[in-house]
Each structure stands twice: as C-alpha cells, then as structure tokens.
Amino acid sequence: MTNVADTTPRATNVHQPLFALVDVNNFYVSCERVFNPRLEQVPVVVLSNNDGCAVARSNEVKALGVKMGAPWFKLKDLEKKHGIVALSSNYTLYGDMSNRVVSVMRDLAPDIEVYSIDESFIRIERTAHLYGGTVPMGHIIRNRVRQWTGLPVCVGIGETKTLAKFANHIAKKNNEFNGVCDVAAMSLDERNQWMRRIDVGEVWGIGRRISERLIKLKIQSVHDLVSADIKRLRAHFGVVMERTVSELRGVSCLALEDVAPSKQQIMSSRSFGTMMHTIELIGEAVAWHVHAAAEKLRAQHSVAGAIYVFIQTNRFRDSDPQYNGGMVVPLADVSDDTRALTTAALHGLRRIFRDGYAYKKCGVMLIELQDKRIRQETLFDDPQARARSARVMLALDAVNRVWGRGTLRTAASGITQRWAMRSENRSPRYTTHWRELPVVR
Amino acid sequence: MNSHNHIVMRTLHQTPVSLAPEPSVHEAPLFLYKVAAGFPSPATDYMEDGLDLNEFLIQHKAATFLFRVQGNSMRDAGIVDGDKAVVDRSVEPQHNHIVIAVVDGEYTIKRLYRVRDRIELHAENPTYSPIVIAADSQLEIWGVVVGVVRRYPA
C-alpha cells in the first residue's frame, strides 16, 4: 500500500477482510489420478470404508447421474455399462496430499484455516497486492498447487466466508472463470445476476431441509434470500440463518479459525470385513480402535475421563437377530495411556458382549476429555507411574509415526487382524510407503 | 518383492531418507563451555547441525515425490533397476533434464531433448531408441528428477 492510499477517505477499507476459499476438485479422485494416468478421462468413483458407497466421483461419473453416497451394489450395472472404475478409499494417500496442498498455499499466504481435508480458507486482504490483485493471486495459487502437487483446485473470493464459498461455486460450475472467481470485484449488478441464477440450496450452511422450507416461503434463489426481511428469517430459522444472510450481504461474521478447537470426543469405529462371532476377535478390533483414538488424544494433549465401547449387528439384515450393545466405562483416573484405556474398553466389551449374534461393527469413543496440563490430582495419583507411562506412550507414538500405524501395539489388538475392513481395490500408498512407490520404467 | 528386498532390514537407528510429514529427529548439539572462567572453548565456534539427507535431496518438500525405477533404460546416466528417483514437480522442465514423462498411460524416466520444435525422450542405454514426440501432439511431463537414492544390502 502506498502512502497516498493511506490518506484517502477509503483508507479504512484497505484492510476490510477478504476471504479466499480454495478447494480441490473431486479431491479423492484427483489424488488417484495424479499417480495413475490411466484414470484420466475415465469415470472413477472412490468408495467409503468397507467399499459401501460412493464418497467421491469424477465429473464423468457425476454426468451419469450417480449421487454422492450412492450404495455401490446399486451401481453394479452402471459399472459394466460405462466402465466405471471403483476404488477403495486410500486415506493415507489423501491425507499426505492434503498436507502438501496446505503447505504450498501457506507459502503463498500465511493466514490460512484448514477447513476440511480438501478445503481451506485464506485471508488475502493484506497479501493480494503482492501478486497484482485478488484474481491474479487466485490464479497463482491455482497454478502453483496444480504444478507442485498435480491437483486441480478452484478459488472463490469474497468479503465473507459465505461469499467466498458462493464465489467458489461459481468458479467451479462456469468454465469461463478458469477456476478463479472474485465476487468482491464484481459490480453490484453482476453479483445480483449470479445470485438470481443460483439456487438457495447451494449457499453454505443451508441444507436440503432448510432450503425446502425456504422455497415454501417463495425464497428460491440466493438473491431472494439476501433481499428477504432478515428479522422474519431470524424468527423462522434462528440466528444461524441471520448470520448466513448477513454474510451474503457482505458483513463478515465468521472469522478465520487458525487453530482447530480440540475435539470434545474422539471416535474410532468401523465395520468388519466379515461378520464376527467371538469375543476374542471383536476384542482385537476394539483394542485397535483404542490405539487409533488414544494416538489422536495424545496428539491434542488431552486426557480422557471415560471410554465408550459399542458393538452392533448388521441392521440391514432383517432376517438376523439384532443386538446393539454399548457402555461407558469410567476411568479411576483420567488417562491418555493406551494400556489403561484398552483395559477399560475390554472390560466394557465383556459386559456388553452376547453370544449367538453375528456382529458387523464395533468402536470406541473417548469422552470427558480435558486438557492434560490442567488435569486434577486424585487420591490414587502416582506421579512416578505417570511419568513412566508418558515415556512409554511417547516411544509408542514415535515408532508408529516413523514406521506406520500399528507397527508397535498392545498384544490385545491381535496379530493378523482378521476383522480388518474390506478394501479390495485400494491403490498403493504412493507417498508414504517405501514398498508402494509409483513405478517408472 | 524382489529387487528391493534390501530395504526390509532397516533397523531403528538407521535413518532412511524420509518424506514423512514430521521433520527428521536429530539430536541438538550441546553447548557446554563455562563462560565465567578463562577463554571460551575455541571448538564451540565450529559447532553445527549434522548432515541431513532430506535437506541435500529435497528443496521443495511439498512438491517432491519418490518413484521406484524399473529396468535399465537410464543405466548410463547412473540410474539402475530398483533405484528410488527423487522427483521435484516444482522445477520447470528444460532441455537435458532427466524427467518423468507420461507416455501411453505409463510413466517413463528419460532425458528430455528439446531443441527448437523437436521434442524427444532419450534413454541412456544404447539398446533403447529415442521416443520422438510428433509435432502436433503434447508431451506430459510429470516432474523433473533431481536425485537418485540407492541402498546396498550391507
């Protein structure tokens, strides 16, 4: 900014917030394509854990009318007819690629909030001038991410997070924008035109049910929503809606959250690859989930006060006898020790397990979390034992970080892991495993 | 698994070249001279961090990927079967760079020959002939090879 600009009456506007929303197009599918050029221009879906339903679709698959979450067994005929390639999800790969995208963007603009595995908000009002303006900055982000990681992204820019999301939607659906749209730079007329053309259901935070209710009130387009009486909307839908409308009008209500708040609960659960009948095998699965959850617990420097363990039969098999069991096991002392948590979880499992059922799913949830540094002393507190436990857990996490989760674990989680989830067509973990690197001739 | 059996036997204290998300763990050197009495130890002026292979091989971590080389088409450039090629996507490919290119849906490692409008991919092994890219077609280059890693089964 020049001194001249600082002395003009507009100076107060110089640092009005400006948000960019950057998201990767069809993220999981795009990750797969980076390492497998044969998937280019081929219809590709990525399936959920256990290969149940579609969680990511390439544009070709979207064009066939396949919806998000469509159960895969219902798509089998489409698979044959159109040659859809269905891949099991490879979260190890997606996680690594996500980190790379964020680190490329952080180099370009440090004010960043990672919103999900494939979306980030960036504050750009202080940095855009370094790149010659907002739209040029958007293109630099887009080109840099594409070149460095191979992933295609779209960039939406606006005065608020909700407007940045809205701009991103425009960029994604309209090729003439080349993947970058700044609604803050549009004339009021132009912005209103886009708002008239786009359904209210596309607005960030407005789900299907709310949009159905809005349509009954004759609010169909985004423009209808911003022109509606905000007090009336608030009376019908509450403060969240009021905030959404304010944001669409350009009043920023949602700030950048640079640190994701610690989770209040940590869950780890999954369906088994096949039905499980014995407490021994289910116990191994429960212990494995404790491992995964406890690792996350320590990573956010929390301790748990209790653990919830549950088992379920397959509710989709009506002919089978059904049983769902779950219980919370409180811990004598808060803990982040995998061994203490495993003992508690297995104790709970023994209480809820019933013979004679075919089990489909189990899991654990760590609850009553608190910050480790402000933990309360208890009657049975043993500082020496606690220090010993901390050292063991530190070593456990370090080994598993370097050698892959599950390298070092309690014997309770089993050796063969027969309960492991079904993922029949998972691609190699190209970027994190020495034995699975892509091959070049 | 055949040619890369030798990486199976790594033990904990051998630090492999790693692209793990965490920075590599290394012990900070200790500075243990006493300040008050006499002269400071002249050795402290020479205290430095240890050598880090990540730093040597990787300039742009977010853009760097490893490939496993199969076959010997680049033998005379010193790249042989089983080597791990370090590929930096942030580098702009130029004439004479060794690159990973996409040819017929497969990755190929070759030297990029690009003079005027002529684009070719040259093997570094006389038994392979150059791949000539037709004048009206595009060549997709996945990344530029900036290094090679090899371990011997010792």
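Starting from 1, residues in each chain are numbered consecutively following that chain's sequence as written. Labels are handed out in written order, letters beginning with A for the chains and numbers beginning with 1 for the ligands. Under the rules for a predicted model, residues below a pLDDT of 70 receive no local features and side-chain atom pairs below 80 are neither given nor counted, while totals for whole chains, interfaces and linings still include all residues. For the side-chain quantities, the full set of heavy atoms in the structure was used; hydrogens and water were omitted.

## Side note on the overall build of chain A
- Each helix and strand counted, chain A has 15 helices and 14 strands in total.
- On chain A, roughly 22600 Å² of surface is accessible, and the fraction owed to carbon and sulfur atoms is 51%. Strands are runs of DSSP state E lasting at least 2 residues, helices are runs of H or I lasting at least 4, and numbering of each runs from the N terminus. The accessible surface values rely on the Shrake-Rupley method and a 1.4 Å probe; as for residues, cover is taken only from the protein chains in view.

## Remarks on the packing of aromatic side chains
Residue and element names in this part refer to chain A.
- A pair of Phe, Tyr and Trp rings is counted when the ring centres sit within 6.5 Å of each other, with Trp represented by its six-membered ring. The angle between the planes then sorts it: under 30 degrees is stacked, over 60 is edge-to-face, the rest tilted. The final tally for this structure, using the stated rule, is 17 aromatic pairs over all chains.
- Relative to Tyr357, the ring of Tyr323 has its centre 5.2 Å away and its plane inclined at 25°; by these criteria the two rings are stacked. Within this pair, whereas Tyr323 is found in the loop between strand S10 (302-313) and strand S11 (324-335), its partner Tyr357 is found in the loop between helix H14 (338-352) and strand S12 (359-367), the two being separated by 34 residues in sequence.
- Residue burial is assigned from relative accessible area. The probe radius is 1.4 Å, only protein chains are included, and a residue is buried under 20% of its type maximum, exposed over 50%, and partly exposed in between. The exposure class assigned to Tyr323 is buried, which follows from its relative accessible area of 15%.
- A relative accessible area of 22% means that Tyr357 is categorised as partly exposed.
- Arranged with centres 5.3 Å apart and planes meeting at 35°, the rings of Phe353 and Tyr359 form a pair that is tilted.

## Topic: the environment of B:Asp81
- Considering the arrangement of structural elements, one finds B:Asp81 in the loop between strand S1 (64-69) and strand S2 (84-88).
- On a C-alpha basis, the gap between B:Asp81 and B:Arg150 in space is 9.9 Å, while along the polypeptide they are 69 residues apart.

## Remarks on the sheet that holds strand S6 (residues 119-123) of chain A
Residues and elements named next belong to chain A.
- Pairing is mixed in the open sheet, where five strands are placed in the order S5-S6-S1-S7-S8. Unpaired on one side and paired on the other, strand S5 (112-116) and strand S8 (180-182) mark the two borders of the sheet. Strand-to-strand twist across the sheet, computed as the mean angle between neighbouring axes with direction ignored, equals 15°. Here, strands pair whenever DSSP counts at least two bridges between them. Fitted lines through C-alpha atoms serve as axes, helices being fitted only where they are in contact, and the angles separating the N-to-C directions of these axes extend from 0 to 180 degrees.

## Quick look at the environment of A:Val145
Residues and elements named next belong to chain A.
- Position of Val145 among the secondary structure elements: in helix H6 (residues 134-149).
- Here Val145 falls in the buried class, since its relative accessible area comes to 0%.
- Along the sequence, Val145 and Val102 sit 43 residues apart, while their C-alpha atoms lie 9.0 Å from each other.
- Here Val145 is in contact with Val101, Val104, Met105, Gly150, Leu151 and Val153, once residues within four sequence places are set aside. Here, residues are in contact when the closest pair of their heavy atoms is within 4.5 Å.

## Focus on the pattern of salt bridges
- Any carboxyl oxygen of Asp or Glu that lies within 4 Å of a side-chain nitrogen of Lys or Arg is treated as forming a salt bridge with it. Following the criterion strictly, the structure yields 19 salt bridges over all chains and no others.
- Residues A:Arg33 and A:Glu60 are paired through a salt bridge, measuring 3.1 Å at the closest nitrogen-oxygen approach. Of this pair, A:Arg33 sits in helix H2 (residues 27-35) while A:Glu60 sits in helix H3 (residues 59-63); the two residues are 27 residues apart in sequence, bridging distant segments of the chain.
- Of the charged contacts in the structure, one is a salt bridge between A:Lys372 and A:Asp336, with a shortest N-O distance of 2.7 Å. One end of the pair, A:Lys372, is in the loop between strand S13 (370-371) and helix H15 (383-403); the other, A:Asp336, is in the loop between S11 and H14, with 36 residues separating them in the sequence.
- What makes A:Lys372 partly exposed here is its relative accessible area of 32%.
- Several salt bridges share partner residues, and in doing so they unite A:Arg38, A:Arg441 and B:Glu106 into one network.

## Description of the sheet that holds S1(B)
- The eight strands are arranged S14(A)-S1(B)-S2(B)-S7(B)-S3(B)-S4(B)-S5(B)-S6(B) in an open sheet whose pairing can be described as mixed. The sheet is open, and its two borders are formed by strand S14 (439-440) of chain A together with strand S6 (131-133) of chain B, each paired with just one other strand.
- As paired strands, S14(A) and S1(B) are joined by two bridges and run parallel to one another. Following the sheet pairing, A:Val440 is matched in S1(B) by B:Val69.

## Points about the nonpolar core
- Definition used in this section: a nonpolar core is a set of buried Ala, Val, Leu, Ile, Met, Phe, Trp, Tyr and Cys residues joined via side-chain atoms within 4.5 Å. Formed by 55 residues in total, the largest nonpolar core has its most connected members in A:Met97, A:Ile122, A:Ile141, B:Phe67, B:Ile100, B:Ile109 and B:Trp142.
- The element that contributes the greatest number of residues to this core is helix H5 (residues 91-108) of chain A, accounting for eight residues.
- Here A:Met97 is in contact with A:Phe27, A:Cys31, A:Val34, A:Phe35, A:Thr149, A:Leu151, A:Thr431 and B:Phe65, once residues within four sequence places are set aside.
- Counting 31 residues, the second largest nonpolar core, distinct from the first, contains A:Ala293, A:Leu297, A:Ile307 and A:Tyr323.

## Quick word on the side chain of A:Glu119
Residue and element names in this part refer to chain A.
- Examined against the element boundaries, Glu119 turns out to sit in strand S6.
- Judged by relative accessible area, which is 12%, Glu119 ranks as buried.
- If we ignore the near neighbours within four places in the chain, the residues touching Glu119 are Leu21, Val22, Asp23, Glu113, Val114 and Lys165.

## Describing the confidence of the model for chain B
Residues and elements named next belong to chain B.
- Confidence per residue, as judged by the predictor, is encoded in pLDDT with a range of 0 to 100. Mean pLDDT over chain B works out to 78, with 69% of the residues at or above the 70 mark.
- pLDDT under 50 marks residues 1-35. Its contacts with residues more than four places away, or in other chains, come to 50 contacts.
- Taken together, the chains of this predicted complex give a pTM of 0.69 and an interface ipTM of 0.73.

## Some thoughts on the pairing of S5(A)
- Pairing analysis gives four bridges linking S5(A) to S6(A), with the strands arranged antiparallel. Paired with A:Ile112 across the bridge in S6(A) is A:Ile122.

## So, the pairing of strand S5 (residues 118-122) of chain B
Residues and elements named next belong to chain B.
- In the sheet, strand S4 (residues 106-115) pairs with S5 via five bridges, with the strands oriented antiparallel. Considered in S5, the bridge of Leu112 is made with Leu121.
- From the end of S4 to the start of S5, which pair antiparallel, there are two residues, and Arg116 there has a positive phi angle of about 50°.
- Bridging between S5 and S6 involves three bridges; their strand directions are antiparallel. What sits directly across from Leu121, in S6, is Ile131.

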